[in-house]
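Listed below are the residues making up each chain.
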Amino acid sequence: MKITVIGAGAIGGNIAAKLSTAGHDVQVADARGPEAVRAEVLEAGARAVDLADAAVQGRDVIVLSIPFGVAGRLADLFASVPDETVVIDTSNYYPGMLSEPIEAVDNGQVESVYTAELLGRPVVKAWNAALAETQRTKGVPAGTPGRLAIPVAGDSEEARKVAMSLVDDTGFDPYDAGTLADSWRQQPNSPAYCTELTLDELPAALAAADRVKDAAIRDSLPERIAALPADPTVDDVVEMNRAAHR
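Heads up: these notes are all about the structure in this document. (Residues numbered from 1 in each chain as written. Predicted model: local features only at pLDDT ≥ 70, side-chain atom pairs only at ≥ 80, totals over all residues. Heavy atoms only, no water.)

## Topic: the overall build of the protein
Point 1. Tallying secondary structure elements over the protein gives 11 helices and eight strands in all.
Point 2. Whereas a compact globule of 246 residues would reach a radius of gyration of roughly 18 Å, the protein reaches 17 Å, a difference of no more than 12%.
Point 3. By the burial criterion, 52% of the 246 residues in the protein qualify as buried.
Point 4. Taking all contacts inside the protein whose residues are at least 6 apart in sequence as the whole, residues at least 24 apart take part in 68%.
Point 5. When the accessible surface of the protein is split by element, carbon and sulfur atoms take 52% of a total near 10,900 Å².
Point 6. Averaging the coordinates of the 21 positive side-chain charges in the protein and doing the same for the 37 negative ones gives two points 2 Å apart. (Helix = DSSP H or I, 4+ residues; strand = E, 2+ residues; numbered from the N terminus. Rg over C-alpha atoms; globule rule 2.2 N^0.38 Å. Buried < 20%, exposed > 50% of the residue type's maximum accessible area, 1.4 Å probe, protein only. Contact = heavy atoms within 4.5 Å. Areas by Shrake-Rupley, 256 points an atom, 1.4 Å probe, with all protein chains shown as cover. Lys, Arg positive; Asp, Glu negative; His and termini not counted. Charge placed at Lys NZ, Arg CZ, Asp CG, Glu CD.)

## What to know about the side chain of Ser-183
Point 1. Summarising the element assignment, Ser-183 is placed in the loop between strand E8 (173-176) and helix H8 (202-207).
Point 2. Its relative accessible area of 0% is what places Ser-183 among the buried residues.
Point 3. For Ser-183, the side chain forms a polar contact with the main-chain oxygen of Leu-180, separated by 2.7 Å.
Point 4. Contact partners of Ser-183, with chain neighbours within four places excluded, come to Val-110, Ser-112, Lys-125 and Ala-153. (Polar contact = N/O pair within 3.5 Å; in protein donor to acceptor, adjacent residues only side chain to side chain.)

Okay, here's the thing in structure tokens:
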């Protein structure tokens, strides 16, 4: 597939590298310029381009891996994106930590529904519910026992299937998590969020989500991070997230 990844941070860079390794035609753009794209992201053939030059016509998929709440800055770019292009949102809302508080979301609007409104087009939610280091190091071929799962939510069944196939290509079992309105169940810090679950375990975790409780756990992140070892491993962070729901 022809894929454009916008955002070359830990998540976006990893997705670009994984999808190009899987054989897709990948270009990656970052607001900081092509020089901000790490060399390892490009090793398998992904191409770094200026954001202004990022191709949106003729691309099958655009992966949006930018800070939550800034998607509106790309509305003009996305105005020329064809309706059939699948747009995937990987962002998460951390008010007061990674973004300014956003009243609509604080009042209950689902994160990716808000992002879709900013862009003026539908999106699919994927890759947001796994740590960057989990995605970088723990992807394995399909059929591997204990393979971790990633939820995918969106209003178009066809778009969900496309996103799910790409999640599979990055080394994780995709799980159909329903409509975009249901994607709050995979937002921070739900039981399904960054807790490294298998395909058998993920449905129960999504069903156990509680919007009020999970938002409170999200907002307690600085205190919980402070209680971790000085140089926490990915397993330390996963255990911290799991323990918050026990």
